[in-house]
Structures are given as C-alpha cells and as structure tokens.
Amino acid sequence: MNGAPVAIVTGAAEGIGWATAQQLAHAGWIVALFDLNGALATERAQALGAQHSGWACDVTDADAVQARVTDVVARHGRIDGLVNNAGIADQTAPTLQQDIAAFDKVLAVHLRGAFLMSQQVIAQMTQQARDAHGNRGAIVNIGSIASFGGIPGRNAYCAAKAGVLGMTRALASEWARRGIRVNAVAPGYVKTALVASLVERGAIDAQAIARRTPMGRMAAPEEIAQVIAFLASPLASYITGAVLPVDGGWTALGAPEAALGPIEED
C-alpha cells in the first residue's frame, strides 16, 4: 500500500467517534468522518487537517451509504479501515410502555447501519491489494457491556449490541481468507454527551455505575478510541473475530459490588 491508510468512522462528530477520528489521524490515517450532522462532521474534518473529509450520512439508508462510500473512494482512493460507531440512545420506559417505532430505530442505527456500512466497505476492500501480512482491510464494530448482560428496560439496545457481536463473528469468519479482519470492542460506560443525557434523564445513575465498575469510574472517550485504533492497525494483523471488553473490569466481576471495597479518593 502506498501512502497513508484511509479509514471511515461513523458517528464521528461526537463522543467515541470523534475521539477515534482524532486518534487515527494522530496515528497517520486519513479519516473520512460520517455523521448524520454533516456540517459538524465537515467542521471536525477541517480541524484534523485538509487531507481529511466530513460527510453527511444516515447509516440506516442503503442508498446513502452506497453513495457516501463511493464518494470516499473517489476522493481518497481506497478504504483500509471502517469503524462502525454510529449509535443512538434507546427509550427508557418499562417494556409494556415501549414504542415499537423507537425500538426499531435503535436496531436500525446500531445493527442495520453497521451491516450496510460493512457490506459496502467489504466490497471495496476485496478489490485492494494485500499488505505484507496478507490483509486488505479491517473493520471494528462497537459492542457494549450490554452485549453480554441484560439491562432492565433497555431491550432494543441490549438486542442491538448482542447482534453486533454475532455479526462481527460471522463477518470475520466469512472474510478472513479474503484478507479482511473484523473485530469489536465492548465499552463500558463512557463519559460522552450521550451518557450525560441518560444521566440527566435519570435513566442511569453515574455514582452507582462507578461503584459497580471495578476500576471505580467511567472511561474517557479517548481510552476507547485507543483500543479501536489498535484493532484497526497492522499491530492487530493476526486478530479477527475477537471482542475486546474495554469496561474497567465490569464484565469480569463475579461477586457483589461490595466485594470491591471503597473507591479510593485522590
């Protein structure tokens, strides 16, 4: 491969997506930032530098996804990495009060969107030359601690994030011999605007989350971004079909949270 590698990051204007775009740019990637808010995606791209690009894209719209991926290839020549980060908050009402349209929307953004993006990017990656390790590109999907355990009332989100891991393994197995790696990260609670909105709505309790997390805090977005960038990079050249929890020990805990002891203050 000649020149800098090119990555698409969806949901790239805020939160984990923006942190990932910055991390990849810092590591020498050219980044195409996709977001429903195209103006902000463009602004973010300009902040990273002239070689980067921002695009308005609804990842649930098959035609829009195809058009934008085509645009990226036309502008940047290739796609070496895809980070399927686009996501929305789910409804927090009890199951019997949940709206089916809201349920469908969460699955559409998190799961359908990741599929549509992967489908178009894989088609491009298969046309590219292999690198020294025999790889043509890498996809990183975003799961969650909700991929592994149930959160009462958050039916759509748990279903979508469990589905992301299933799809990750299916794609990884299907495309490994064609030189395309597909992995996932499964973050715990992260200090993003999305999580802040859930805290403000009373949907989650930040102090309770800290007590339940062995490391005693939420993650910063850049802590997730660093792991995403690793999985997308040649440093992870022999990793595919993996799911890496980045959750401060949340999924490792097998005892009541009282067993963790108090959170030490600085």
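Since this is a predicted model, take the numbers as computed values, not measurements.

1. What to know about helix H2 (residues 38-48)
Point 1. Of the positions making up H2, those classed as buried are Gly 38, Leu 40, Ala 41, Arg 44 and Ala 45. Along the axis of H2, the buried positions cluster into a sector of 160 degrees, meaning they face one direction only. Along H2, exposed side chains directed more than 90 degrees from the buried face belong to Ala 39, Gln 46 and Ala 47.
Point 2. Buried positions along H2 lie against helix H1 (15-26), strand S2 (30-35) and strand S3 (53-56).
Point 3. One or two residues past the end of H2 sits Gly 49, with phi positive at roughly 140 degrees.

2. A word on H1
Point 1. Taking 1.5 Å per residue, twelve residues should reach 16 Å; H1 reaches 17 Å between its end C-alpha atoms and fits that length.
Point 2. Residues Ile 16, Gly 17, Trp 18, Ala 19, Thr 20, Ala 21, Leu 24 and Ala 25 constitute the buried set of H1.

3. Concerning the sheet that holds strand S5 (residues 137-142)
Point 1. Ordered by their spatial adjacency, seven strands build an open sheet running S3-S2-S1-S4-S5-S6-S7, and the pairing between neighbours is parallel. Edge positions in the open sheet fall to S3 and strand S7 (243-246), since each of these has one partner strand only. Neighbouring strand axes in the sheet, compared pairwise and without regard to direction, differ in orientation by 20 degrees on average.
Point 2. Pairing analysis gives four bridges linking strand S4 (residues 81-84) to S5, with the strands arranged parallel.

4. A word on the packing of aromatic side chains
The description of an aromatic ring pair rests on the distance of the ring centres and on the angle between the ring planes.
Point 1. Under the definition given, this model contains one aromatic pair.
Point 2. A cation over an aromatic ring shows up here: Arg 154 above the ring of Tyr 157, its NZ or CZ 4.5 Å from the ring centre.
Point 3. Cation over ring: Arg 212 sits above Trp 250, and NZ or CZ is 4.2 Å from the ring centre.

5. Some points on the pattern of salt bridges
Point 1. Per the stated rule, a full pass over the model turns up six salt bridges.
Point 2. The salt bridge involving Glu 14 is made with Arg 44; its shortest N-O contact spans 3.4 Å. Taken together, the residues span a long stretch of sequence, with Glu 14 in the loop between strand S1 (6-10) and H1 and Arg 44 in helix H2 at a distance of 30 residues.
Point 3. A salt bridge links Arg 154 to Asp 90; its shortest N-O distance comes to 3.1 Å. Of the two residues, Arg 154 is situated in the loop between S5 and helix H5 (155-175) and Asp 90 in the loop between S4 and helix H4 (100-125); the sequence distance between them amounts to 64 residues.
Point 4. Overall, the relative accessible area of 10% leaves Arg 154 in the buried class.

Calculation rules
- Residues numbered from 1 in each chain as written.
- Predicted model: local features only at pLDDT ≥ 70, side-chain atom pairs only at ≥ 80, totals over all residues.
- Heavy atoms only, no water.
- Buried < 20%, exposed > 50% of the residue type's maximum accessible area, 1.4 Å probe, protein only.
- Helix = DSSP H or I, 4+ residues; strand = E, 2+ residues; numbered from the N terminus.
- Arc of directions from axis to C-beta.
- Contact = heavy atoms within 4.5 Å.
- Expected span 1.5 Å × (residues − 1).
- Pairing = 2+ DSSP bridges.
- Axes fitted to C-alpha atoms, helices over the stretch in contact; angles between N-to-C directions.
- Phe/Tyr/Trp six-rings, centres within 6.5 Å; stacked < 30°, edge-to-face > 60°.
- Lys NZ or Arg CZ within 6 Å of the ring centre and 35° of its normal.
- Salt bridge = Lys/Arg side-chain N within 4 Å of Asp/Glu carboxyl O.

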